[in-house]
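Topology and contacts: notes
Residues per chain, in single letters:
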Amino acid sequence: MGEETLGIARPRLSLDQARELGRKLYGVDPSGVATLPSERDQNFHLKPDHVLKISSASEERTVLDFENRALQHVAREDPSLPVPRLIPTLEGELMGETASGWICRLFSYLPGKPLASFKPHTVDLLRTLGRTMGRLDRALAGLANEAHPRTLKWDMTRAADVLRDGMARVETHDRRAILERHLARFERNVLSRLLELPRGVIHNDGNDHNILIGRSGEITGFLDFGDMIEGAVVCDLAILCAYAMLDKRDPVGAAATVVAGYHEEHPLSDEELALVFPLAVTRLAMSVSICARQFRDEPEREYLRVSQAPAWRLLERLEGECDRFPHYAFRAACGKDPHPDGAGARRFFHAQAPTSVLPFPLAGEPIHVFDLSVGSQELGGLEVLEDVECFTSHLFSKMKRTGARVGIGCYDEARPLYTSAIFTSAPEGGSEPRTVHLGIDLFVEPGTPIHAPLDGVVHSFRLNDAPLDYGPTIILEHALGYTLYGHLSSRSIDGLERGQRIRKGEAFAEVGDFPANGNWPPHLHFQIILDLLDKEGDFPGVARPSERLLWLGLSPDPGPFLGIESKMAAESDLTAERRQHLSGALSLAYERPLHIVRGSKCFLYDTDARPYLDMVNNVAHVGHCHPRVVRAASDQSAVLNTNTRYLHPNILEYAQRLKAKLPSSLEVCFFVNSGSEANDLALRLARARTKRRETLVLDGTYHGNLTSLIEVSPYKFDGPGGDGAPDHVTKLPMPDGYRGSHRRADPDYSERYVDDVRAILEGRRASVLIAESILSCAGQIVLPPGYLAAVHRLVREAGGVCIADEVQIGFGRVGSHFWAFEAEGVVPDIVTMGKPIGNGHPIGCVVTTREIARSFETGMEYFNTFGGNPVSCAVGLAVLDVIEEQALQENARKMGARLIAGLRELQERFDIVGDVRGRGLFLGFELVRDRETLEPAADEARYLVNRMKEEGVLTSTDGPLENVVKLKPPLIFSEEHAETFLDKLASVLEEDYLRPS
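Described in the following lines is the structure provided in the data block.

Describing the packing of aromatic side chains
- As enumerated under the stated definition, the model contains 22 aromatic pairs in all.
- Here the aromatic rings of Tyr654 and Phe671 are separated by 5.5 Å at their centres, their planes lie at 25°, and the arrangement is stacked. Placement of the pair is Tyr654 in helix H18 (residues 649-660) and Phe671 in strand S29 (residues 668-672), with a sequence separation of 17 residues.
- Residue classification places Phe671 among the buried residues on the basis of a relative accessible area of 7%.
- Look at Trp819 and Phe821: their rings are 6.2 Å apart centre to centre, the planes differ by 5°, and that puts the pair in the stacked class. Side by side, Trp819 and Phe821 carry an identical accessibility label, which is buried.
- Ring pairing ties together the aromatic residues Phe348, Phe349, Tyr485, Phe508, Phe526 and Phe561, which thus form one cluster.
- In this structure, Arg215 packs its charged tip against the face of Tyr993, placed 4.5 Å from the ring centre.
- Positioned above the aromatic ring of Phe818 is the side chain of Lys661, whose terminal nitrogen or guanidinium carbon lies 4.7 Å from the ring centre.

Rendered as structure tokens:
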């Protein structure tokens with residue numbers, strides 16, 4: 001009943017034997033038994049609530065006894081910690097024994113999935129990992145000096161012996177060299193300091209297989225207390241960080257988040273913080289070394305190679321990285337000055353102030369401080385950035401108008417300027433670009449001399465010639481720290497020598513011109529640097545927002561040094577202000593709301609200049625802030641904007657252009673300010689024609705926010721706070737072929753839905769049917785073939801009028817046709833349009849027949865003050881021009897087909913995707929927990945939408961069950977956008993919360 005494993009007799013009991021032990025020793029009658037992984041012991045899950053651990057008879061009982069007492073102690077100190085609870089035998093003993101001498105213990109079963117296989121490792125999860133380990137170490141503190149002395153290969157103080165052993169067994173030269181370097185660092189920089197750190201009883205094995213995670217990302221278990229020793233307490237954190245870094249986009253950032261959480265619960269000294277990363281890497285090196293030994297001894301255990309692959313990948317990736325950087329990152333994460341000597345260095349630079357790097361002092365000079373932040377109105381539309389000559393003219397013209405000799409670009413400013421791959425390609429496919437400016441920009445004429453602000457020497461120089469990089473760059477070294485000069489002329493680095501002495505005030509370079517300066521408008525990028533992190537001729541001048549405090553700590557504000565104010569003001573708490581000033585009925589999107597300050601093309605940008613691919617904002621029909629549309633509004637606003645009581649050609653030209661897109665019977669236009677106003681007016685027109693109020697609506701639909709429209713919107717009147725359908729409103733069954741009363745599997749399902757309508761209308765008169773040709777808020781429902789045409793006939797036979805609500809789905813969005821009703825083969829009596837026709841400008845329109853329009857001429861004047869004003873009509877004309885000239889209807893058809901195909905591929909892979917539907921760029925996919933019962937996955941849909949937001953893609957939910965993810969991007973949506981969306985969606989669908997329980 002055992003096998004030899006590295007000199008230890010390992011138990012090998014059968015499932016039946018484990019079941020019998022559970023009954024005999026503990027009185028547990030399990031519903032089932034399954035094996036659980038273990039290195040030395042043998043573990044069984046006695047379902048549902050217990051774990052039976054069988055230890056070798058050769059294990060020291062004193063060690064097992066201490067493990068038992070430690071678990072009991074932790075349970076008393078912090079009862080909510082998710083650690084196993086020890087269950088005594090029927091005789092009240094903590095350990096039982098088999099007839100063969102194996103030692104038995106029974107623990108509570110902790111549910112969850114190992115951290116190693118759980119997806120995703122979010123910032124919240126990583127921080128919680130750190131907090132939980134900090135709580136555990138705090139709880140273990142009361143056991144100081146009670147650990148039984150033992151020799152353990154995982155004891156960090158034995159790392160040198162372990163690494164030497166590993167070097168003898170690792171197969172490749174490159175990997176042996178890695179272990180040699182880590183051994184040298186450990187013996188030179190770590191071991192003596194490790195022995196001086198605060199000590200106590202530690203868990204010593206917080207690896208990614210000993211931590212369990214629940215489906216929602218909560219920690220459900222900290223397992224395996226079998227390697228506890230007395231050691232430096234910070235080793236627990238270092239071990240946790242080692243495994244938290246595996247296969248991460250940003251391993252140091254992941255570890256910093258863990259460290260921050262730990263520090264909240266168990267504050268770290270500066271010396272402990274300094275050793276966390278070296279110890280974490282030492283643990284990884286020990287792990288691959290021990291694995292090499294195990295594989296040599298037991299070559300049949302091939303899985304050992306696979307299990308160590310992530311550790312080797314990380315060790316190889318960290319080769320050549322500056323050892324000091326993680327220390328700074330951890331300090332910043334814990335709210336400390338990133339650089340231990342940062343305060344002193346800043347005092348040194350500020351003591352020299354004010355100084356200048358230009359031929360004249362900046363203090364007192366006429367300067368213009370540019371706002372180059374992402375939300376800047378001064379910057380204008382982002383299209384200005386696409387042409388460096390245009391951008392240069394834009395900036396220098398502003399300086400000329402204001403009489404400025406120098407233009408200032410601010411420090412700590414999040415900018416949308418950094419569009420090349422060196423800024424936008426986040427590590428390992430992440431979605432957070434570098435946007436936060438770490439220096440000061442001085443915009444002056446090319447050729448302007450640059451003077452040294454301090455005595456120094458040339459540390460390094462380089463031509464950084466990647467697109468939008470620094471171009472020619474010089475770094476000077478001073479008594480404390482460095483200064484960097486970027487975007488120089490090519491001759492600035494000609495003949496320069498490393499170590500060359502530069503005196504304060506000496507002209508040593510000059511401002512370059514585009515394209516040689518990195519293809520930027522002429523300016524100097526000036527930056528103070530406290531630690532170059534072993535770089536030469538280059539250093540990040542822009543940081544990711546999530547690392548803002550870290551990089552600002554390494555590159556302090558040069559403003560005081562230069563005698564200028566250049567830092568952007570901190571933003572206020574808009575969430576609190578919103579609660580104070582706006583109604584709580586006005587909701588925000590996403591669990592963590594976004595502060596959006598700019599839109600461009602298919603993207604929205606937050607205050608950190610992070611772009612979000614907008615997959616849901618159909619109002620920006622031809623793209624956010626389309627320059628053609630913006631220019632039309634601006635040009636007309638500068639001339640005239642007034643009401644329609646005066647003659648003006650814009651309204652007439654726009655009416656003619658709209659009518660040319662519509663069936664010939666629709667020939668009279670009414671202009672309004674929104675889709676809601678349009679639908680309200682359409683109802684008035686219909687009722688004026690029929691002299692009745694009876695209104696037919698499709699269940700689940702929404703038509704606007706006016707009182708008259710809430711009354712005809714089941715999405716609202718049947719929802720929270722609603723009062724149900726008014727007497728004059730009749731709901732028609734939602735013709736949903738996926739989960740409705742008639743399904744697509746029935747070839748006659750369309751006719752059956754029509755029969756339902758026929759039965760409702762039998763013997764009744766109707767006034768009006770208002771319907772979208774694809775149901776939006778009802779869940780992006782595509783109507784059954786022939787359904788709408790048949791219903792139109794029935795309504796007209798009952799004396800009614802048919803309104804096509806095209807507010808969300810018109811103007812080419814469905815791709816195959818300009819209007820969605822055309823795809824259904826119908827000609828409505830009234831068509832309504834809303835804000836997409838103005839690309840977000842407040843404009844709407846109603847177009848109807850001459851006959852219905854005359855019925856509305858009752859003597860009561862219809863007047864809408866700004867409906868059809870010159871500016872709105874200019875905007876509308878521009879939108880039509882863009883749709884036609886850029887062939888956006890055809891693009892909607894192509895890109896819609898691409899998205900549908902991609903979504904259906906994902907539907908094949910992921911059972912939670914129950915249905916995919918839509919036309920053109922008006923799509924939805926429905927999430928279900930069970931494809932047979934169609935149990936809606938509303939919580940999962942919300943999770944997906946919030947996770948996609950974190951990945952830089954904006955989506956939203958819809959449908960009466962809130963389980964449909966809707967997709968309505970701008971019509972300029974491209975193949976590249978489709979690939980980005982589908983890739984990120986596939987990644988999120990892999991996550992555990994969206995997988996079967």
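Describing the pairing of strand S28 (residues 611-614)
- Pairing of strand S27 (residues 603-606) with S28 involves three bridges; the strand directions are antiparallel. Bridge assignment links Leu604 to a residue of S28, and that residue is Tyr612.
- Where S27 folds back on S28, the antiparallel hairpin that results is connected by four residues, among which Ala609 adopts a positive phi of roughly 65°.
- Pairing between S28 and strand S40 (residues 953-954): two bridges, direction parallel. In the sheet register, Leu613 faces S40, and the bridge partner there is Val953.

Let's talk about the sheet that holds strand S9 (residues 113-114)
- Strand order in this open sheet of three strands is S9-S11-S12, and the pairing throughout is antiparallel. Pairing within the sheet leaves two strands with one partner each, and these edge strands are S9 and strand S12 (219-222).
- As paired strands, S9 and strand S11 (residues 211-213) are joined by two bridges and run antiparallel to one another. Each bridged residue has a counterpart across the sheet, and for Pro114 the counterpart in S11 is Leu212.
- Along the sheet face, helix H3 (residues 123-140) touches S11 and S12 and points at about 40° away from the line of S12.

What counts and what doesn't
Residues numbered from 1 in each chain as written. Predicted model: local features only at pLDDT ≥ 70, side-chain atom pairs only at ≥ 80, totals over all residues. Heavy atoms only, no water. Phe/Tyr/Trp six-rings, centres within 6.5 Å; stacked < 30°, edge-to-face > 60°. Helix = DSSP H or I, 4+ residues; strand = E, 2+ residues; numbered from the N terminus. Buried < 20%, exposed > 50% of the residue type's maximum accessible area, 1.4 Å probe, protein only. Lys NZ or Arg CZ within 6 Å of the ring centre and 35° of its normal. Pairing = 2+ DSSP bridges. Contact = heavy atoms within 4.5 Å. Axes fitted to C-alpha atoms, helices over the stretch in contact; angles between N-to-C directions.

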